[in-house]
Amino acid sequence: MTTATVRAAAATGTTTGSGTGTATHCPYCALQCAMTLTPEPGPAPARLSVTPRDFPTNRGGLCQKGWTSAQLLDSPERLTTPLIRDAKGGELRAAGWDEALDLVARRFAQLRGARGADSVAVFGSGGLTNEKAYALGKFARVALGTSQIDYNGRFCMSSAAAAGNKAFGLDRGLPFPVTDLDESQAVVLVGANPAETMPPLMGHFDPARLIVVDPRRTATAQAALDGGGIHLQPAPGTDLALALGLLHVALVEGYLDTPERTAYRAERTVGWEDVRQCAARWWPERTERLTGVAAADLRRAAAALARARRAHILTGRGAEQHSKGVDTVSAWIDLALALGLPGTPGSGYGCLTGQGNGQGGREHGQKADQLPGYRHIEDPAAREHIAGIWGVTPESLPGAGRSAWELLDALGTPEGPAALLVMGSNPAVSAPRARRAVERLRALDFLVVADFLRSETAELADVVLPVTMWAEESGTMTNLEGRVLRRRAAQAPPPGVRTDLEVLHGLAVRLGRSVHEFPADPAPVFDELRRASAGGTADYAGAAPELLDAGEAVYWPVRAAAGGFAREAAGGSVPEAADGFAREATGDPVRATAGGPGREAIAGSGREATSGPAPEATGDGTEALGTPRLFLDRFAHPDGRARFLPVEHRDAAELPDDEHPLYATTGRQLQHYQSGAQTRRVPELAAAAPEVYVEVHPDTARRAGLADGDTARIVSRRGAVLARTRCVASLRTDTVFLPFHFPGDGAANALTNPALDPVSRMPEFKLSAVRLERADGGAAAERKEAV
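Residues numbered from 1 in each chain as written. Predicted model: local features only at pLDDT ≥ 70, side-chain atom pairs only at ≥ 80, totals over all residues. Heavy atoms only, no water.

A. Spotlight on the environment of Q674. Checked against the element boundaries, Q674 lands in the loop between β25 (662-667) and α22 (683-688). Linking Q674 and P739, residues 65 residues apart in sequence, is a C-alpha distance of 9.6 Å. With sequence-adjacent residues up to four places away left out, Q674 is seen in contact with Q355, R668, F740 and H741. (Helix = DSSP H or I, 4+ residues; strand = E, 2+ residues; numbered from the N terminus. Contact = heavy atoms within 4.5 Å.)

Below is the structure:
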């Protein structure tokens, strides 16, 4: 719905949910916990209170971030008018919408005319709704004609996505419902800390059955240890070798020789022999020398995993954010395949998607090499299909552009873009080598940021466009299970604020596109997305609005029912519901076939598509439409088999040396999310976690002349950060840890290495060589003594 629709509903006292509250989902992580937003008693505009709802992922629970998520809606720091900078180095001033949009369109047109379409770039977000992500990709390629579009999800899920596509022929974070984890007898969490990043997920784990792989004793690792589980604490950058070591133990101990596992590898996979030879070289003692994980612990973990009747291996950013992230995830998938887990009911491999729409955001076209439906932009058939939906010629569509870091690093250079539109992202804090990213943003001729707060990136902009927040807009999100969810507007946005779709509509029209090409309402955008995705890997064609409104469990791929799209029926208008989504012309829900890999092949991918079975139970007492569990009968490769991928350990892009003798790794903390632009402005969260800190082993701190609470200076080859010292006895003596939510002198990403994975183009966030010293310059003579 447009902002006008939301305001009209608010003025008449109607709501977009049921009853007195609005049923929606949390704006933060990919768990997408269910909540109800209810106006508090008092004068208008009323504040919204948050109440958790019972839902399979969160079961009536919320984390601290979720409970406080509505507090920003009426923050005095909300942007409510466009801002324009009249000259470089000048101050931002208030402006009207027409002035701001006219200026943006004029500057974009001037640059395109003078330097070509690729002189203007777009940077999106895994936090955008499906509709906005889809529209942003279309805007870049049709209204701007640029190939230069990527998004911050490249920094999140790209390595796991690439590894999943290689192994299974398809990437969906969890190819099974979260509730399947409840009955798992062993869950390996590799580089994931859900106790802090998505706490309600912990309710699906039995701590005694957890095997946590992490260089730190995180809250998740501590929960495992307290409950009788296992914590393996490898050196940063050695997760791949650890996976090979576990596979070696499973091999030599005979765990892989059961009739079921032998038949699984023979009938459902290819490439086992090459992987077997790789694993044979990683006996436990060799693995221990490299990783630091004791051979006895390796054997204990392998036995616990292999003896479990139902088991899961889940990877997170700790395994993926490396210059060898794809190979690392592939090694863990190889272990899962050797044990026969993927595609086996009650078991599997999965990746814990991070951002709220990190799954849907990577499916519908805001990636540099992608078209909607998870199609590849260089595929002629994909180009023809999408061009037909968009009403353009395939030849007019640009090809693949630069990946996220390569795009940011090229800004303002002679060969790179001169202008950038940023939606929903804060790369000034979240990008690797963050101060280099800021330099490149400053070097642009023209920077436009659409945001609801003055983020660190917005502060650098020439034009800032104030847009709606999550509770002021409708649309869809796709959670970490591949379940498509309804986001509902609970209140009108502040006067002067527009939706991202309205911004794209206004710019596209000013750039010469038809008023009908870029709707400002999410309903027709979602309808077009469904048609565009039809036949693709991520097929949403059957995700009819009625099904989502009714709370049906809809997991992609979900193909359209026989007869196509009901909204395309001849004649007549389609009624619109209060949430802005049109109803099918018949008034009846259009149920989708439940097909998908594991039940059938993917349509439009060179594989035959057939009718699927009846809706499948999800494990939480409800029936699901689409494909809640992938790969039950076949994988998504043309031959239906998964691929073992032989990989070998290799060193990180940089290792500690005499000048920088420590590993630095980064991550999230309980109270904050991503770059912290939102959570740092919530008083309760800011009070609980007000500043950056560095976790250090007490012995390492002492060698640097530091005590608990002292201000430390952490120095890498790219920059330095100031942080409060926290002495943590459980930490490895060769490792320090910093959260990455803070800007300025505390920006942990000023340290991080932009070295890229050759396949996913993921930067190496999780490992930098650093030294530790006192902020006042003391203890310099002791530097050489550091581990």
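B. Main features of the packing of helix α4 (residues 130-144) against helix α19 (residues 500-510). The N-to-C vectors of α4 and α19 enclose an angle of 15°; their axes lie 10 Å apart at closest approach. Overall, the two elements α4 and α19 adopt an arrangement that is roughly parallel. Helix-helix and strand crossings are classified by hand; for α4 and α19 the assignment is left-handed. Contacts between α4 and α19 involve E131, K132, A135, L136, F139 and A143 from the former and D500, L501, L504, L507 and A508 from the latter. Classifying every residue of the contact of α4 with α19 by side-chain character gives 8 nonpolar, no polar and 3 charged. (Axes fitted to C-alpha atoms, helices over the stretch in contact; angles between N-to-C directions. Parallel < 35°, antiparallel > 145°, perpendicular 65-115°, else oblique. Left-handed = near helix turned anticlockwise from the far one by under 90°. Nonpolar A, V, L, I, M, F, W, Y, C, P; charged D, E, K, R; others polar.)

C. Representation of the packing of aromatic side chains in the model. For the structure shown, the criterion picks out 10 aromatic pairs. Residues F139 and F518 carry aromatic rings whose centres are separated by 6.1 Å and whose planes lie at 80° to one another, so their mutual orientation is edge-to-face. Of this pair, F139 sits in helix α4 while F518 sits in the loop between α19 and α20 (522-533); the two residues are 379 residues apart in sequence, bridging distant segments of the chain. F518 carries the same exposure label as F139, and that label is buried. Aromatic pair W272 and F644: ring centres 5.2 Å apart, planes at 50°, arrangement tilted. One end of the pair, W272, is in helix α10 (residues 272-280); the other, F644, is in the loop between β24 (642-643) and β25, and 372 residues separate them in sequence. Each member of the pair, W272 as well as F644, carries the same accessibility label: buried. What links up through ring pairs into an aromatic cluster is the set F168, Y349, F631 and F635. The ring of W556 has R172 sitting right over it, with the charged end atom 5.9 Å from the ring centre. Between the NZ or CZ atom of R286 and the centre of the ring of W283, over which it lies, the distance is 6.0 Å. (Phe/Tyr/Trp six-rings, centres within 6.5 Å; stacked < 30°, edge-to-face > 60°. Buried < 20%, exposed > 50% of the residue type's maximum accessible area, 1.4 Å probe, protein only. Lys NZ or Arg CZ within 6 Å of the ring centre and 35° of its normal.)

D. Examining the packing of helix α8 (residues 239-252) against helix α14 (residues 325-338) more closely. Packing of α8 against α14 leaves a shortest axis separation of 8 Å and a crossing angle of 15°. As judged from the angle between their axes, α8 and α14 are roughly parallel. When the axes of α8 and α14 are compared, the crossing they make is left-handed. Contacts between α8 and α14 involve D239, L240, L242, A243, L246 and L247 from the former and D327, T328, A331, W332, L335 and A338 from the latter. Its residues placed into classes, the contact of α8 with α14 shows 9 nonpolar, 1 polar and 2 charged.

E. Spatial organisation of the pattern of salt bridges. Scanning all chains against the criterion turns up 43 salt bridges. Of the charged contacts, one joins R718 and E654 as a salt bridge, the two residues approaching to 2.8 Å between their closest N and O atoms. Taken together, the residues span a long stretch of sequence, with R718 in the loop between β27 (711-716) and β28 (720-727) and E654 in the loop between β24 and β25 at a distance of 64 residues. Put simply, K132, E473, R487 and D500 are held in one network by salt bridges that share partners. (Salt bridge = Lys/Arg side-chain N within 4 Å of Asp/Glu carboxyl O.)

F. Seen up close, the confidence of the model for the protein chain. Across the protein chain, pLDDT averages 90, with 88% of residues at or above 70. The low-confidence segment residues 563-614 (pLDDT under 50) makes 138 contacts with residues lying over four places distant or belonging to another chain. Every residue in residues 779-787 is under pLDDT 50, and counting partners more than four places away or in other chains gives 20 contacts. (pLDDT = per-residue confidence, 0-100.)

G. Region of interest: the nonpolar core. Within the largest apolar cluster, 127 residues are counted, with the highest numbers of intra-cluster contacts made by F108, F139 and W332. The greatest single-element share of this core, amounting to 10 residues, is contributed by α8. Mapped onto the domain boundaries, this core takes at least three residues apiece from domain 2 (83-156 + 366-533) and domain 3 (158-351). If you look at the next biggest cluster of nonpolar residues, it comprises 40 residues, including L48, M198, F452 and Y673. (Core = buried A, V, L, I, M, F, W, Y, C linked by side-chain atoms within 4.5 Å. Domains from an automatic or database assignment.)

H. Region of the structure containing unusual backbone geometry. The omega angle of the peptide bond from W556 to P557 is 0°, so this bond is cis rather than trans. Structurally, the position occupied by P557 is in the loop between β21 (553-555) and β22 (616-617). Notably, R59 is not glycine yet its phi reads approximately 50°, a positive angle. With respect to the helices and strands, the residue R59 is situated in the loop between β3 (48-52) and α2 (64-67). Backbone geometry at R433 places phi at a positive 45°, although glycine is not the residue there. Within the element layout of this structure, R433 appears in the loop between α17 (427-430) and α18 (434-443).

I. Structural context of the sheet that holds strand β17 (residues 446-451). Taken in spatial order, the 7 strands line up as β5-β4-β18-β17-β16-β6-β7 in an open sheet, and their pairing is mixed. With partners counted over all chains shown, the strands left at the sheet margins are β5 (92-94) and β7 (149-151), one partner each. Geometrically, the sheet is characterised by an average inter-axis angle of 20° between neighbouring strands, direction not taken into account. When β17 meets strand β18 (residues 463-466), the two strands line up parallel, connected through 4 bridges. Paired with V449 across the bridge in β18 is V464. Running at roughly 175° to strand β6 (residues 120-124), α4 makes contact with β6, β7 and β16 (419-423) of the sheet. (Pairing = 2+ DSSP bridges.)

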